[in-house]
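Secondary and tertiary structure notes
Now for the letters of each chain:
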Amino acid sequence: MASIIKANELQDFGGNSILTSDGAGVVTPNATGIKNTPAFHVSKTTANQSLSDNTNAKVTFDTELFDSDNNFASNKFTPTTAGKYYLYAQAYLANNNPDIGTIELAIYKNGSLVAFHQHDHRTEMVGYNQVPNIMTIVDANGSSDYFEVYAKADVTSASSLQVYGLADGYTYFNGYKLIGA
């Protein structure tokens, strides 16, 4: 024999709403501990960005696809809820230069490196573009920590490498709070 419990709201012993339902099967988590927020996804969709030889450059983003808690501004993510966060970044790098050595993509926390990907471009064929990506899980204190994306290239000639801003969003940065971590 099966039992059915019908409710439009689940509360804890303190009367706090944990889950609500609209009656049509859409359940909304209300408790902070069961939400993957704050969450964001931003991309570079318009202007290209030049990288100078062996110089870290903060990657700029001009389009917010979503920002659940308005925590992304001035090209950095500042989560207002303490916890562990999954962060992912990718950059589309134009590569028509045979004199490019290594390329790096990194995520910084409060101005310090927390994760990076380095690729030796000299092993690639000239004319191929690179799309390095980086992912990490980091702790955030919920009050002052912030995260940014940086790119760097070893450009051995006088030219520079471009971080492309394309309408289909190949250069982007996203993340969300992990539940229960």
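I will try to describe carefully the structure that is included in this document. (Residues numbered from 1 in each chain as written. Predicted model: local features only at pLDDT ≥ 70, side-chain atom pairs only at ≥ 80, totals over all residues. Heavy atoms only, no water.)

This part takes up the sheet that holds strand β3 (residues 27-29). In a beta sheet, neighbouring strands pair by backbone hydrogen bonds and run either parallel or antiparallel. Within the open sheet, the three strands sit side by side as β1-β2-β3. Their pairing is antiparallel. The sheet is open, and its two borders are formed by β1 (9-11) and β3, each paired with just one other strand. Averaged over neighbouring strand pairs, the angle between their axes works out to 15° when direction is ignored. Summarising the sheet, strand β2 (residues 17-21) and β3 pair through three bridges and their orientation is antiparallel. (Pairing = 2+ DSSP bridges. Helix = DSSP H or I, 4+ residues; strand = E, 2+ residues; numbered from the N terminus. Axes fitted to C-alpha atoms, helices over the stretch in contact; angles between N-to-C directions.)

So, about the sheet that holds strand β7 (residues 63-67). The five strands are arranged β7-β4-β17-β10-β14 in an open sheet whose pairing can be described as antiparallel. Of all the strands in the sheet, the pair left with one neighbour each is β7 and β14 (133-140). Across the sheet, the mean angle separating the axes of adjacent strands is 10° when strand polarity is ignored. Across four bridges, strand β4 (residues 39-44) lies against β7 in antiparallel orientation. Bridge pairing in β7 places F40 opposite D67.

This paragraph deals with the pattern of salt bridges. Overall, the coordinates contain three salt bridges when judged by the stated rule. Here E148 makes a salt bridge to K58, at a shortest N to O gap of 2.9 Å. Taken together, the residues E148 in strand β15 (residues 147-155) and K58 in strand β6 (residues 57-58) connect sequence positions 90 residues apart. Its salt-bridge partner being K84, residue D139 comes within 2.8 Å of it at the nearest N-O pair. With D139 in strand β14 and K84 in strand β10 (residues 83-90), this residue pair connects regions lying 55 residues apart in the sequence. The partly exposed category is assigned to D139, whose relative accessible area is 41%. (Salt bridge = Lys/Arg side-chain N within 4 Å of Asp/Glu carboxyl O. Buried < 20%, exposed > 50% of the residue type's maximum accessible area, 1.4 Å probe, protein only.)

This part covers the pairing of β15. Where burial is concerned, most of β15 is hidden: eight out of the nine residues are buried. Where β6 lies against β15, two bridges are found, and the strand directions are antiparallel. Among the inter-strand pairings, A57 is bridged to a residue of β15, identified as A151.

Here Q90 lies in strand β10. For Q90, a relative accessible area of 11% translates into the label buried. As for Q90 and N174, which are separated by 84 residues in sequence, their C-alpha atoms are 9.2 Å apart. Leave out the neighbours within four places in its chain, and Q90 touches L105, V131, P132, N133, Y170, T171 and Y172. Among the polar contacts made by the side chain of Q90, one reaches the main-chain carbonyl oxygen of Y170 at a distance of 2.9 Å. (Contact = heavy atoms within 4.5 Å. Polar contact = N/O pair within 3.5 Å; in protein donor to acceptor, adjacent residues only side chain to side chain.)

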